[in-house]
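# Inside the fold
Residue strings, one per chain:
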Amino acid sequence: MTYKGFLKWANDRACDGRWGLDVAMVSSQMATLLYSVPWFRRKKLWQEMQGDKFVEQVVIPINIKYQITDNYR
């Protein structure tokens, strides 16, 4: 996932409320850092923040969790 994909995911989760307080705090901090640098430096910052590890450890499990619960509704 790119930093643009992460920012879209974070905005979508903020709108639907499908995350816990800890994930919300970390995601908003990461988004704030990404928005604070010029657009041409965001990709490098995303790599330095190890954004791919965050995606593997947080984003994918949350997406799977809510995909499963949506199927039971």
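Shown above is the structure to which this text applies.
First, a word on scope: everything that follows refers to the structure included in this document. (Residues numbered from 1 in each chain as written. Predicted model: local features only at pLDDT ≥ 70, side-chain atom pairs only at ≥ 80, totals over all residues. Heavy atoms only, no water.)

### Considering the overall build of the chain
Tallying secondary structure elements over the chain gives four helices and zero strands in all. Element order for the chain, N to C, with α for helix and β for strand: α-α-α-α. Expressed along its principal axes, the backbone C-alpha trace of the chain runs to roughly 40 × 20 × 20 Å. Counting across all 73 residues of the chain, residues that qualify as buried make up 32%. Excluding contacts between residues fewer than 6 apart, the proportion of contacts in the chain whose partners are at least 24 apart in sequence is 61%. Accessible surface, the chain: about 5,300 Å² in total, of which carbon and sulfur atoms supply 57%. Across the chain, 11 positive and 7 negative side-chain charges occur, with their mean positions spaced 6 Å apart. (Helix = DSSP H or I, 4+ residues; strand = E, 2+ residues; numbered from the N terminus. Buried < 20%, exposed > 50% of the residue type's maximum accessible area, 1.4 Å probe, protein only. Contact = heavy atoms within 4.5 Å. Areas by Shrake-Rupley, 256 points an atom, 1.4 Å probe, with all protein chains shown as cover. Lys, Arg positive; Asp, Glu negative; His and termini not counted. Charge placed at Lys NZ, Arg CZ, Asp CG, Glu CD.)

### Describing the packing of aromatic side chains
Tallying each qualifying case throughout the model produces four aromatic pairs. Between Trp39 and Phe40, the aromatic rings sit 5.7 Å apart at their centres with planes inclined by 90°, giving edge-to-face as the arrangement. In terms of burial, Trp39 and Phe40 fall into one category: exposed. Taken together through their ring pairs, the aromatic side chains of Phe6, Trp9, Trp46 and Phe54 make up a single cluster. (Phe/Tyr/Trp six-rings, centres within 6.5 Å; stacked < 30°, edge-to-face > 60°.)

Fair warning: the whole summary comes from geometry, so function is off the table for now.
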